[in-house]
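Remarks on the overall topology
What follows is the residue order along each chain.
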Amino acid sequence: MSYLSSNQLKQYMDEGFVSPINIFSKEKAKEIRNEIELIEKKIPGELDESGRYNAHLISPLLDEVTHNSKILDAVQSLIGENILVCGTTLFIKNPNEKGFVSYHQDAKYIGLEPHNWVTAWVAITDSNEKNGCMRMWSGSHKDNLKEHDQKFNEGNLLTRGQTVKNVPKQETTPLILEAGQMSLHHPTVVHGSDLNKSNDRRIGFVIQSYIGTNVKQVLGKNSVQLARGVDEFNYHEKIGRPQNLLDTKDIELKKLENDNLQEIFYKGSDKKGKF
Ligand SMILES: O=C(O)CCC(=O)C(=O)O
């Protein structure tokens, strides 16, 4: 069992994140990386741009991570015993590409209310300062949602290039993870990440997010999977889990879910980015 300790709960409450948490071995992480790279080879483009969302619907190994009981124990400590998965994102930064993530709050454009949800960032490769790990503005989750500029700037891996002003970057905390570890972060903690300056890929598989059954999608339609407990509210449509790698029906479902997600992410925006 991997419920959070009182120190870990305190870190989450004080700082808006908890890290690192051991989940699986480096060997398992390599197996998962191989499956991601097999998908990229078999169907070029499937995981690019808006295809980076919901890869757990087409990959049995990413599905296994999404429903991993150690992750769910830790999540249960934060949002309660009834847990839904409402989506995942692959954040891949290749070497020599200009990918970065501007400082933002996840809750700003995601439409999940109330904020009884948490994001799990699972390291499929090591993630450190050299290859552009996430950095957290500790304690920033205690404020309300902040104003974000919409920059749509080159290299920004966020949908709108949404950016919080005046972040004290020197004071942010790097979340250094080894492959197979994860961090958990709060919906309103301000965070971002720099360029990958290493010569290997940095791969994060992000369950974005685990939501309590009491959480509604107020901007559109999100289908979910029941990860643990019972759904006594039934606010969302349920979808199944993949049995095989790259099943045609699963690929279609992923596309449908990702089209719905685009409606949510760009609600009220007259411009669309590539994610
Ligand atoms: O992977 C990254 O560098 C940033 C990911 C992120 O912003 C998130 O998981 O909310």
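Remember, it's a predicted structure, so these values are computed and weren't measured experimentally.

1. What to know about the overall build of the protein
- Across its full length, the protein carries six helices and 15 strands.
- By the compact-globule yardstick of 19 Å for 275 residues, the protein fits well, its C-alpha radius of gyration being 17 Å.
- Taken over the C-alpha atoms alone, the protein extends approximately 45 × 45 × 45 Å along its principal axes.
- Here the protein holds 275 residues, and 56% of them are scored as buried.
- Across the protein, the fraction of contacts at a sequence separation of at least 24, relative to all contacts at a separation of at least 6, is 83%.
- As presented, the protein carries roughly 12,300 Å² of accessible surface, and 47% of it is formed by carbon and sulfur atoms.

2. Here's the deal with the site of the ligand
- Around the ligand lies a shell of 13 residues, among which Trp 121, His 191, Ser 193, Arg 202 and Gln 208 are the nearest.
- Between the ligand and Arg 202, the relevant distance is 2.8 Å, taken from an oxygen atom to a side-chain nitrogen or oxygen of the residue.
- Contact with the protein chains hides 100% of the accessible area of the ligand, taken as 290 Å² for the molecule alone.
- The leading source of residues in the shell around the ligand is strand S13 (residues 202-212), at three residues.
- For the shell around the ligand, the class distribution of residues is five nonpolar, five polar and three charged.

3. Topic: the nonpolar core
- Among the nonpolar cores identified, the biggest contains 38 residues, and Ile 36, Ile 71, Leu 90, Met 182, Leu 184 and Tyr 210 are the most heavily contacted of them.
- Sort the elements by how many residues they give to this core and helix H4 (residues 69-79) lands first, with five residues.
- If near-sequence neighbours (up to four positions away) are discounted, Leu 184 is found in contact with Leu 4, Tyr 12, Gly 16, Phe 17, Val 18, Ile 21, Ala 74, Val 75, Leu 78, Val 118, Thr 119 and Ala 120.
- Ranked by size, the runner-up nonpolar core spans 28 residues in total, among them Cys 86, Leu 112, Ile 211 and Ile 264.

4. Some thoughts on the pairing of strand S6 (residues 117-123)
- For S6, the tally of buried residues reaches seven of seven residues, placing the bulk of the element in the interior.
- The alternating pattern of S6 places Trp 117, Thr 119, Trp 121 and Ala 123 on one face and Val 118, Ala 120 and Val 122 on the opposite face, and all of these are buried.
- Pairing of S6 with S13 involves six bridges; the strand directions are antiparallel. Across the sheet, residue Ala 120 finds its bridge partner in S13, namely Ile 207.
- Here S6 runs beside strand S11 (residues 181-185); their pairing, made up of four bridges, is antiparallel. The partner of Val 122 across the bridge, within S11, is Met 182.

5. A closer look at the side chain of Glu 46
- If you trace the backbone, Glu 46 turns up in the loop between helix H2 (26-42) and helix H3 (60-66).
- The class for Glu 46 is buried, based on a relative accessible area of 15%.
- Those residues in contact with Glu 46 that sit more than four places away from it in its chain are Ile 39, Gly 51, Ile 58, Ile 251 and Lys 254.

6. Here we look at the side chain of Asp 106
- If you trace the backbone, Asp 106 turns up in the loop between strand S4 (101-104) and helix H5 (107-110).
- The side chain of Asp 106 sits in the buried core without any salt bridge; Arg 52 is the nearest counter-charge, 9.8 Å away.
- Polar side-chain contacts of Asp 106 include one of 3.0 Å to the side chain of His 104.
- There is a polar contact of 3.2 Å between the side chain of Asp 106 and the side chain of His 191.
- For Asp 106, the residues in contact, after removing those within four places along its chain, are Trp 117, Thr 119, His 185, Pro 187, His 191 and Gln 208.

7. A word on unusual backbone geometry
- The amide bond that connects Glu 113 to the next residue, Pro 114, takes the cis arrangement and shows omega of -10 degrees.
- Among the structural elements, Pro 114 can be located in the loop between strand S5 (112-113) and S6.
- Residue Ser 209 is reached from Gln 208 by a cis peptide bond, and omega for that bond is 20 degrees.
- Its location among the elements puts Ser 209 in strand S13.

Definitions and limits used
Residues numbered from 1 in each chain as written. Predicted model: local features only at pLDDT ≥ 70, side-chain atom pairs only at ≥ 80, totals over all residues. Heavy atoms only, no water. Helix = DSSP H or I, 4+ residues; strand = E, 2+ residues; numbered from the N terminus. Rg over C-alpha atoms; globule rule 2.2 N^0.38 Å. Buried < 20%, exposed > 50% of the residue type's maximum accessible area, 1.4 Å probe, protein only. Contact = heavy atoms within 4.5 Å. Areas by Shrake-Rupley, 256 points an atom, 1.4 Å probe, with all protein chains shown as cover. Near = heavy atom within 4 Å. Polar contact = N/O pair within 3.5 Å; in protein donor to acceptor, adjacent residues only side chain to side chain. Nonpolar A, V, L, I, M, F, W, Y, C, P; charged D, E, K, R; others polar. Core = buried A, V, L, I, M, F, W, Y, C linked by side-chain atoms within 4.5 Å. Pairing = 2+ DSSP bridges. Lys, Arg positive; Asp, Glu negative; His and termini not counted. Salt bridge = Lys/Arg side-chain N within 4 Å of Asp/Glu carboxyl O.

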